[in-house]
Amino acid sequence: RAMMITKSGFAHKMSLKGHTDIVECLEVEKDKVFSASSDGTIKIWSTQTGQCLRTLGGHTGGVNCLCKVDNILYSGSWDNIIRKWDLEAGVCVKEYHGHTGAVLSICIVSGTLFSASNDRSIRIWDETSTKCTAVLEGHQESVRCLAVAGRVLYSGSADCTLRFWNWMAGTCVKLCTGHEDCINCITMTGTALYSGSSDGEIRVWDMQTGQCRRSFSAESSIRGIDVLGGLVFAACSDRAIYLWQEQAELETPFLSETVARNGLTALRVRDGAVWVASADMSVRAWLLPGTEAAVAAVLDRSQRHSSRQLQPLPFAPGFVQDTAESRSKSKSVKHPDTMDVEVSKPHGGAALWGTPKIFTRHADKVHAVCVVGSTLYTAGSDHAVCGTPLEDDAPTEASVTLEGHTDRVYCLCSDGASVLYSGSADGTARAWSMQTNSSTVIFTGHTDWVSCIDYSSGWVYTGSWDKTVRKWSASTGCCHVVMEGHTGPVYALHVCEGVAVSGSRDASARAWDVETGECIRLLQGHSDTVSALKVVDPMLFTASWDKTVRCWDIMTGEVLRVFREHTEPIMCLDVQLGLLVTGSNDCAVRCFRVDTGKCSATMEQHSRAVNGVLIHEGLVYSCSDDGTALQWELSPADTRHMLSQHKAQQHKKLQELELRLAHREIEPIVGDGGGSVGLSLRQRCTDRAHVALPEAVTRSSLPKKPTVAPPVKPEKGTHMAGWVRKRSVSFQRWSKRYATVDAGVLTCYASDKQVGGTALTVLKNIQDARLLDTAALLPEEGSGFSVTCDGQTHVFAAETKADATGWVGVLERGITHGHHV
C-alpha cells in the first residue's frame, strides 16, 4: 500500500496495533518503541518492522507511565505499584510499594527514583533497595507529571499549579500558577520548562525565576508535548498534533493535523518522526515534512495523483514557507486511515441550495442536537445544554442555558413534550423540565461516560463507555435493567417497540429485550466502531468509523445496502421518510435516498467534524466541533421524495388494515416500517410464532357485516364531538380500540377482545368514512379518522391539542371499513 500523506505533508510511517485498551504513554528509542496501556500490559515494538517484540505483563491495573534507563524499564500503574523490569530477561525484578493511589508519573536521576500519584504525593525512592526515603506533599489534587534537573524536581498537578522542589531538602521552593485546568504533561529544554494543560494552553516557564515567559494555545486539552528544532509539538484530545514556532509571536499554531481516530494521550519526536499514542488503542508514527523519507513519499504520490504543493515545516530545507493564505485554502482531514485520499474543498463552502442558518455558538464543541417544541437544544463540551428559539424572527443566540453537568455533555433526547434528557462524561444523565429549565431527575449508576441516550414510554435508556446499556424509570431515576455484552464502549442507542439497539467500539450492533436485558440479535459486519444507528422497522441503519452506513434487515441480519460517500469516519445519522442524512469527520453533511443508495446532496459549511444531525419538519439540523449548530433546508427534490414516501407509507398501512379485516386478525398493527403484521418488533426479534398473511386481498373479499356484540345506544344528544371530548384521553391510553362503519352505522369498540366485546354505537346515517393521518396536521399526534353524517364531516382522533373539542379538520387518506386508533 502506498504511504499515506496528509495535506500538510506528514507521511504515515507505521501503526502499531495490539493493545486492547487505551495506550496511555510511550517511550521511543532509535530501534524500539515502548508503549503502556490501560489493558495492564507493556509492549515493545520494532521501529523498523512495526512488529511486537515482547509483551510485559504483571500489573493488575492499567499502566500509566514509563521511564527507561539503559536496559531497565520502570512502570507505574493503577494498582499503586511501581515495577522495575529487566528488558533482556523480560521479567519484573523489583516492586516499589507505598503509594495509596494510582502512580501517574515516574522519572529517575543518579539512582534516585521519583514517582507522582493520584494520592496527591510525590515519593522519592532508593532505586536499589526499593525503600521510600522521602514524601513530598503540598499539591491539593493528584500529581500528574514530573521532571527533574539536578537538585530541582518539577511537578504538575490537577490543582492547576506547577511546583519547584528542592528534593534533597524536601521543600517546595516555587509555586507557579496561571493554568485554569489540570496540568497533564511537562518537558524541559535549556532554561525553559514547558507545561501542557487541559485548558488548551502550553506555558513556557523560566526554570530559574518561575516566571511565565509566554504561552501557546490549542483548541483542546493538551496531553503530551515535546520540543525540537525550534518547534513545539503537542498531542491533544481532539485527535490532532499541533505545532508552533518557538520564536514566532503568534500564540496560535501554524499547523494542526488530525492523526488518530480517538484523542491522543502521549507524544514523542525522534529521528524526524512524530510518535503518538491514542485512545484508539494504537501507536502511530508520522514522518515530518521535509525529511528525506517524507519527500520521497510525496514524490511517489505526485506520480500517482495530480500534483499539489504540500506545505513543509519551517526548518525543512528547500521548501517554501507555510503561509496563512495557503492554509486557508484547505482544511485538515480528520482521520488517519484515509490520509491517502485527496480531500480538498473550500473553507466554509456554501450549501448546495442556499446558506444555512447558524444557531447558538457554544464556547467549545457541540456534540448533539434535539428539537423540543419550537426550541433547538444543543449539548457541548462546555458542560452546558443551550436552548435557542426556532422562530424566524427569534435571535440565533442561546436564550436558555441548562447547567448542572460537571463534564462534557455528549447526547440529548426528549419525551416529545416537556422533558429533555442529557448524558455526560461526568457519568450521569439528567432530566430537565422545559417549564422551569431546571434538572428534575439525576440518573446515576454508570462508571464511565454516558455517550448515548433515548426515551421510550416512560423509560430512559443510556449507553456508556463502561460497556453497558441501562434502563431507568424516567420519573424516579431508578435503574431497572442492565444490559451487558459489548466488549467496548457503547457509542449509539435507539429504542423501538420494546427493543433497544446499541452500537459499540467493538464494531458490532446488538438488539436487547428491554424487559429481560437479554441480547436477542448480534449484527456484525462493520470493521470499526459503530458510532450511530437508528431503527426504522424492519430496517436498522448503522454508521461506522469505517466510513460507511449499512442498512440491515433487523430480523435476518442481512445487509440490504451499503452507503459509501464520506471520506472520513461517520459520526452521526438520522433517517426519515426515505431520506438518510449523515455527518462525518470530513466536515460534510450528506443526504442519501434510501431506495437507491445515491447521495442526493452534500452540505459543506462546518469547518470541523460533524457530531450530530437531525431531520425535523422538513429541515436538517447539524452540529460540529466548530462550536456551531446549523439549520439546512432540504432541496425541492428531496422534499418531494419525502412526501412521496409519506404517501406510500399511508397506502401500505391501508393494505395491512384490509388484510387484517379479511382474516379477522385481532391484534393491533404496531410499527410503521412494514414488518410482520400485528406483531411488535420485540415479538418478532424473539421469534414468537406468527401467521403469515397473503400478499394481497381484494376489497370484494372483505366481509360485508362483521359479527359484533349488540350496540349500546348512546345517550340522548350524544354526537361525535362530545364523544371524542369525553374519551380522548382514554383513546390514547388504551392499547386496543377499533372503529368500524357498516350499513351506515359508526361503531366504536371499548373492549380488548374486539369481537364479542362491548360496542358503543356513536353515530348513524354515515355516508362516508375516511382514514386520517393527523400527523400531517399535528406532528406529535397519531392516527384518526373522519366520517360524514347528514352532509357534515366529523373527526375522531386519539388525542388532539387543536382545541377542547377535538376537531382537527378534514384530511382525506382513502376510504376504509375500519381503523385501529
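Everything that follows concerns the structure shown earlier in this document.
Below is a summary of the structure that appears in this document. (Residues numbered from 1 in each chain as written. Predicted model: local features only at pLDDT ≥ 70, side-chain atom pairs only at ≥ 80, totals over all residues. Heavy atoms only, no water.)

### Section: the side chain of N611
Here N611 is to be found in strand β54 (residues 610–616). Judged by relative accessible area, N611 falls into the buried class, the value being 16%. Only 2.9 Å separates the side chain of N611 from the backbone oxygen of V366, close enough to count as a polar contact. A polar atom in the side chain of N611 sits 2.6 Å from the side chain of D625. Once residues lying within four places of it in the same chain are set aside, the contact partners of N611 are V366, H367, M571, C572, C623, S624 and D625. (Helix = DSSP H or I, 4+ residues; strand = E, 2+ residues; numbered from the N terminus. Buried < 20%, exposed > 50% of the residue type's maximum accessible area, 1.4 Å probe, protein only. Polar contact = N/O pair within 3.5 Å; in protein donor to acceptor, adjacent residues only side chain to side chain. Contact = heavy atoms within 4.5 Å.)

### Things to note about the sheet that holds strand β55 (residues 619–624)
Strand order in this open sheet of 4 strands is β29-β56-β55-β54, and the pairing throughout is antiparallel. Since the sheet does not close on itself, it has two edges, and those belong to β29 (357–358) and β54, each with one partner. When β55 meets strand β56 (residues 629–633), the two strands line up antiparallel, connected through 5 bridges. Residue pairing for β56: S622 is matched across the bridge by L630. (Pairing = 2+ DSSP bridges.)

### Examining unusual backbone geometry
One non-glycine residue, S110, lies in the positive phi region at around 50 degrees. Mapped onto the elements, S110 comes out in the loop between β10 (103–109) and β11 (112–117). Residue class for S110 comes out exposed when judged on its relative accessible area of 75%. Even without a glycine there, the phi angle at N437 is positive, about 55 degrees. Position of N437 among the secondary structure elements: in the loop between β36 (428–433) and β37 (438–444).

### So, the side chain of H606
Within the secondary structure layout, H606 lies in the loop between β53 (599–603) and β54. Classification of H606 by relative accessible area gives buried; the value is 1%. Within polar-contact distance, the side chain of H606 engages the side chain of S622 at 2.8 Å. One polar contact links H606 to T628, side chain to side chain, over a distance of 3.5 Å.

### Description of the pattern of salt bridges
On inspection of all chains with the given rule, the structure shows 14 salt bridges. Between K84 and E127 there is a salt bridge, with its nearest N and O atoms 2.3 Å apart. Separated by 43 residues along the polypeptide, K84 in strand β8 (residues 82–86) and E127 in the loop between β12 (121–126) and β13 (132–137) bring together distant segments of the chain. Since its relative accessible area comes to 11%, E127 is described here as buried. Between R408 and D407 there is a salt bridge; the shortest N-O distance is 3.3 Å. Given the relative accessible area of 23%, R408 is considered partly exposed. Here D407 falls in the partly exposed class, since its relative accessible area comes to 21%. A cluster of three or more residues bridged by salt bridges with shared partners is formed by E219, D238 and R608. (Salt bridge = Lys/Arg side-chain N within 4 Å of Asp/Glu carboxyl O.)

### Topic: the state of the cysteines
Counted by the stated rule, this structure contains 0 disulfides. No disulfide involves C160; its nearest neighbouring cysteine sulfur is the one of C182, lying 6.9 Å away. The thiol of C212 is unpaired, and the distance to the nearest cysteine sulfur, on C176, comes to 8.9 Å. (Disulfide = S-S within 2.5 Å.)

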